[in-house]
Amino acid sequence: MTANKKLLMLPGDGIGPEVMAVVARVIEWFGKRRQISFDVEEGLIGGASYDAHGTPLSDGTLEQAMAADAVLLGAVGGPKWDDLEFSLKPERGLLKIRKEMGLFANLRPAVVFPALAEASTLKTEIVSGLDIMIVRELTGGIYFGEPRGIEDLGNGERRGFNTLVYTTSEIRRVGRVAFELAQKRDRRLCSVDKANVMESTVLWREEMIKLGAEEYPDVELSHLYVDNAAMQLVRDPKQFDVMVTTNMFGDILSDCAAMLTGSLGMLPSASLGAEKDGRIPALYEPVHGSAPDIAGKDMANPLATLSSFSMMLRYSFDLQAEADLVDQAVTNILAGGMRTADIMQPGKAKVSTSVLSDAIIGELDKLSA
Ligand code: IPM
Ligand code: MG
């Protein structure tokens, strides 16, 4: 048994704990059947952390995260915490852990499983075979720029403001991640900005061009304004290989890309930082939210979280065969016709989270028999 892979699980709120429980079963399976064990800790984030500690991310949890080799997160937020002061909202916990861990590169692959091509709201031929990677800058831009706030102007008028700011080094480090991914794929990178309107992204485009010319001449670099990129994503998504963009544009475009795959419940993500002492800080999470409307009803789709776990096996632990095994189990389950409500199609079997979870374990058994 090789232990010492330190994994912190942060289930969070809403459906977070339910989808995370499925991964916990898979981890247990790996320990029993493949002699791969993880040193697993659990912690609180989001509303769950607020309820316990009065803050959406405690220093203790942050320390645990910093000490872990990888963090797996469920989802945060829900109506219960809607009225909290801004700095205490569940989402602030997520933004804080990304920032404190320095997770500047967010990888959001949008892959259409053959069995799900018809579940997309787009025509099957537009999405079937789709395999794109969106790289979203995650610790800068308008999400974190200063000054920010809401101020009283007197006379009954208030002013809300945020700042979109990027420095060359922030642009280049996320650019490198995107170029390197493109090198391992189809060697095409599309950088998305709004350089026709905003100076911050004029700089973004200039730096991407320089970086490409200096370090990645083998990658074909193109540029789109974000409005056009959104349109192209639904018009002809297969034209893309890797896309790289700012924090907020990436937030928006990745939800859009998720729907190409049939459901937001299918999209995993990896957030990576800069290597330090031989380790890359990493957090994995599904792109979907906490879905409070279906929380606790045994209806949630755990596949995005499971695929996030598979990304963890791949990127943080270099367990390629194990990641392939998880991915294959997901593919087979879908091909077999089981569907959670969010990806239900005519003629398929609608199942609960727990039935799907049993089926995944059964499939893993079968695949490794
Ligand atoms: C995401 C989410 C978060 C974001 C929210 C919950 C803060 O939408 O991960 O895409 O905007 O980054
Ligand atoms: Mg989002």
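This one's a predicted model, so the numbers in the text were calculated from it and none came from an experiment. (Residues numbered from 1 in each chain as written. Chains lettered and ligands numbered in written order. Predicted model: local features only at pLDDT ≥ 70, side-chain atom pairs only at ≥ 80, totals over all residues. Heavy atoms only, no water.)

## Some points on the overall build of the protein
Looking only at helices and strands, the protein has 12 helices and 14 strands in total. Projected onto its principal axes, the C-alpha positions of the protein cover 60 × 50 × 45 Å. Taken across its 369 residues, the protein has 52% of its residues classed as buried. For the protein, the computed accessible surface area is about 15,800 Å², with 52% contributed by carbon and sulfur atoms. Within the protein, one finds 38 positive and 52 negative side-chain charges whose respective centroids are separated by 3 Å. (Helix = DSSP H or I, 4+ residues; strand = E, 2+ residues; numbered from the N terminus. Buried < 20%, exposed > 50% of the residue type's maximum accessible area, 1.4 Å probe, protein only. Areas by Shrake-Rupley, 256 points an atom, 1.4 Å probe, with all protein chains shown as cover. Lys, Arg positive; Asp, Glu negative; His and termini not counted. Charge placed at Lys NZ, Arg CZ, Asp CG, Glu CD.)

## Considering the side chain of His288
With respect to the helices, strands and loops of the structure, His288 is situated in the loop between strand E12 (282-284) and helix H10 (303-315). Exposure remark for His288: the relative accessible area of 8% places this residue in the buried category. If we skip the residues at most four places from it in the chain, His288 touches Ile15, Ala75, Leu264, Gly265, Asn301, Ala304 and Thr305. (Contact = heavy atoms within 4.5 Å.)

## Overview of the side chain of Arg108
Residue position: Arg108 is located in strand E4 (residues 105-111). There is no salt bridge for the buried Arg108, and the closest opposite charge comes from Asp251, which lies 4.5 Å off by N-O distance. Separated by 2.7 Å, the side chains of Arg108 and Asn106 make a polar contact. (Salt bridge = Lys/Arg side-chain N within 4 Å of Asp/Glu carboxyl O. Polar contact = N/O pair within 3.5 Å; in protein donor to acceptor, adjacent residues only side chain to side chain.)

## Describing helix H9 (residues 247-260)
Its 14 residues place the ends of H9 20 Å apart at the C-alpha level, agreeing with the 20 Å of an ideal helix rising 1.5 Å per residue. Contacts made by the buried residues of H9 are with E4, helix H5 (124-127), strand E5 (131-137), strand E8 (188-193), helix H8 (226-235) and strand E10 (242-245). The positive-phi residue at the C-terminal boundary of H9 is Gly262, with phi of around 110°. (Expected span 1.5 Å × (residues − 1).)

## Quick notes on the domain arrangement of the protein
The assigned domain composition of the protein is domain 1 (1-104 + 273-369) and domain 2 (107-263). On a C-alpha basis, the centres of domain 1 and domain 2 stand 24 Å from each other. A combined buried area of about 1,800 Å² lies between domain 1 and domain 2, and 67% of that area is made up of carbon and sulfur atoms. When the buried area of domain 1 at its contact with domain 2 is split by residue, Arg98, Phe104 and Val287 rank highest and sum to 35% of it. Here domain 1 is connected to domain 2 by 0 salt bridges. Applying the counting rule to domain 1 against domain 2 returns 4 residue pairs in polar contact (both at pLDDT 80 or more). Partitioned by chemical class, the residues of the side of domain 1 that touches domain 2 number 11 nonpolar, 3 polar and 5 charged. (Domains from an automatic or database assignment. Buried area = accessible area lost by both parts, 1.4 Å probe. Nonpolar A, V, L, I, M, F, W, Y, C, P; charged D, E, K, R; others polar.)

## Quick notes on the environment of Ala119
Residue position: Ala119 is located in the loop between E4 and H5. Overall, the relative accessible area of 18% leaves Ala119 in the buried class. Sequence separation between Ala119 and Pro346 is 227 residues; the distance between their C-alpha atoms is 9.5 Å. For Ala119, the residues in contact, after removing those within four places along its chain, are Gly262, Ile343 and Gln345.

## Examining the site of ligand 1
As a matter of local geometry, ligand 1 sits amid Glu91, Arg98, Arg108, Arg136, Tyr143 and Asp251. Contact between ligand 1 and Arg136: an oxygen atom at 2.8 Å from a side-chain N or O atom of the residue. Protein coverage of the free-state accessible area of ligand 1, which is 320 Å², stands at 77%. For the shell around ligand 1, the class distribution of residues is 1 nonpolar, no polar and 5 charged. (Near = heavy atom within 4 Å.)

## Remarks on the packing of aromatic side chains
Two numbers describe a pair of aromatic rings. These are the distance of the centres and the angle of the planes. Enumeration over the complete set of coordinates arrives at 6 aromatic pairs. When the centroid spacing of 6.3 Å and the interplanar angle of 55° are considered together, the rings of Phe30 and Phe309 count as tilted. In this pair, Phe30 is assigned in helix H1 (residues 16-34) and Phe309 in helix H10, connecting sequence segments 279 residues apart. The class for Phe309 is buried, based on a relative accessible area of 0%. Every member of this aromatic cluster is reached through a ring pair, and the members are Trp29, Phe30, Phe38, Phe309 and Phe317. Directly above the aromatic system of Phe144 lies the positively charged group of Lys99, at a separation of 4.7 Å from the ring centroid. One residue, Arg159, lies across the ring of Phe161, its end atom 4.9 Å from the ring centre. (Phe/Tyr/Trp six-rings, centres within 6.5 Å; stacked < 30°, edge-to-face > 60°. Lys NZ or Arg CZ within 6 Å of the ring centre and 35° of its normal.)

## Details of the pairing of strand E7 (residues 158-161)
Within a regular beta strand, the side chains point alternately toward one face of the sheet and then the other, so they alternate between its two faces. Of the pairings in the sheet, the one linking strand E6 (residues 149-152) to E7 comprises 4 bridges and is antiparallel in character. Paired with Ile150 across the bridge in E7 is Gly160. Between E6 and E7, which pair antiparallel and follow one another directly, the connecting turn spans 5 residues, one of which, Gly154, has a positive phi of 75°. (Pairing = 2+ DSSP bridges.)

## Describing the packing of H8 against H9
Two packed helices can be described by the angle between their axes and the distance between those axes. The geometry of H8 relative to H9 is characterised by a closest axis approach of 10 Å and an angle of 10° between their N-to-C directions. Of the possible angle classes, the one that applies to H8 and H9 is roughly parallel. Across the interface between the two elements, Val226, Ala229, Ala230, Leu233 and Val234 of H8 pack against Phe249, Leu253, Cys256, Ala257 and Leu260 of H9. (Axes fitted to C-alpha atoms, helices over the stretch in contact; angles between N-to-C directions. Parallel < 35°, antiparallel > 145°, perpendicular 65-115°, else oblique.)

## Remarks on H8
Restricting attention to buried positions, one finds in H8 the residues Val226, Ala229, Gln232 and Leu233. The arc enclosing the buried residues of H8, seen along the axis, measures out at 115°, which places them on a common side. Looking at the packing, one finds that the buried side of H8 touches E5, E8, strand E9 (220-225), E10 and H9. (Arc of directions from axis to C-beta.)

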